[in-house]
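# Structural features, examined
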Amino acid sequence: MVDLLAYGEEGSAAKSFATLLAIATLTVVFLLSWDINLLLSESFPSFHSSNLPEGVLLIWRLSCLAIGASAIVYMFRMETGNMVVVNHQTRLEELIHPLKWEKFVTFSSWTLIANFLYFLTAFSASGILLLNRAIPSWIEWLQVAIFATALGSAFLTSTVVRLVILPGEVRQRRNHDHQFLFHNQIMHNFAAIFLAVEIILSQPDLRPEFALFGLLLGIVYALFAFPFAYFWGGYYVYGFIDPRLRFAPLLQAGLASAVSVFYLGLWLISELLTFNLFLGILILSLWVSQIVQFRTALSKGEEI
């Protein structure tokens, strides 16, 4: 059996960076060739053409924005933290206790920030519309682009936590109550829920091309991991993100692609909503119900 987490020969890191930079370059080329700004502008009005009054959307988006901001502040201020990481020097797992800014190096925290930024731009746009003012183009582009990025990221994060991380904690009999603290609940559960509700309420006109934004997020995160471990933190939050692994280019490209794949799945559901609202809501609700978990297992035999 192939060990995907085995370390490669000297120079593996350079191959990983070359692969990621090549994917990033191709992604930018495609975005430019598709005139992505035009696609973003064309999609933007659909985020504000709901059957609900714009004022109701404003209140909904303000509520999500306030919860996201509270989670970020709570996460930064709390005086405890637990994280199993891979040490850059020893290449072994270790338990650390990150505080303040150190907690924002996980992909989950990036998901939380993307969710916050989406509702910030959406709330701003709704407020400007209610004031009968012209919305700057850059706000239109940001709202749509961040939505696509946050959407794929949130559903990927919830899925990995629900189906991989939490069952792994149970198998190793580690106490994982910290996974259900307020900020983790927002990152792992409510980010996906909020964006799913946003899809139902506004029924945005999404485009498959927007999947490239999620791809870029994954690439940026993968490129961030090595300099953080080498110059700053001394560890990798996820073992598979170490560019020195033999199959690092494959693993890191997989992470970046996964965000896009999840977005494309949600794009298909958004298309379904335009044809059959009830069926679309049903499928989206079932999907969300399978990737969220709000409490730890109560007993040894209880399913995660």
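One structure accompanies this document, and this report is about it.

What counts, and at which threshold
Residues numbered from 1 in each chain as written. Predicted model: local features only at pLDDT ≥ 70, side-chain atom pairs only at ≥ 80, totals over all residues. Heavy atoms only, no water. Core = buried A, V, L, I, M, F, W, Y, C linked by side-chain atoms within 4.5 Å. Buried < 20%, exposed > 50% of the residue type's maximum accessible area, 1.4 Å probe, protein only. Helix = DSSP H or I, 4+ residues; strand = E, 2+ residues; numbered from the N terminus. Contact = heavy atoms within 4.5 Å. Salt bridge = Lys/Arg side-chain N within 4 Å of Asp/Glu carboxyl O.

## Notes on the nonpolar core
- With 75 residues, the main nonpolar core has Leu-151, Phe-155 and Phe-210 as its most contacted residues.
- Examining the composition of this core, we find that 12 residues originate from one element, helix α7 (residues 211–232), more than from any other.
- With sequence-adjacent residues up to four places away left out, Phe-155 is seen in contact with Ala-192, Ala-196, Phe-262, Leu-266, Leu-284, Trp-287, Val-288 and Ile-291.
- If you look at the next biggest cluster of nonpolar residues, it comprises 7 residues, including Ala-71, Met-75, Leu-112 and Ile-186.

## With respect to the pattern of salt bridges
- Under the defined criterion, the tally for this structure stands at 5 salt bridges.
- Residues Glu-54 and Arg-61 are paired through a salt bridge, measuring 3.8 Å at the closest nitrogen-oxygen approach.
- Residue class for Arg-61 comes out buried when judged on its relative accessible area of 0%.
- Of the charged contacts, one joins Glu-209 and Arg-207 as a salt bridge, the two residues approaching to 3.6 Å between their closest N and O atoms.
- Judged by its relative accessible area of 17%, Glu-209 falls in the buried class.
- Overall, Arg-207 belongs to the partly exposed group, its relative accessible area being 26%.
- Because the salt bridges share partners, they merge into one network encompassing Glu-42, Arg-207 and Glu-209.

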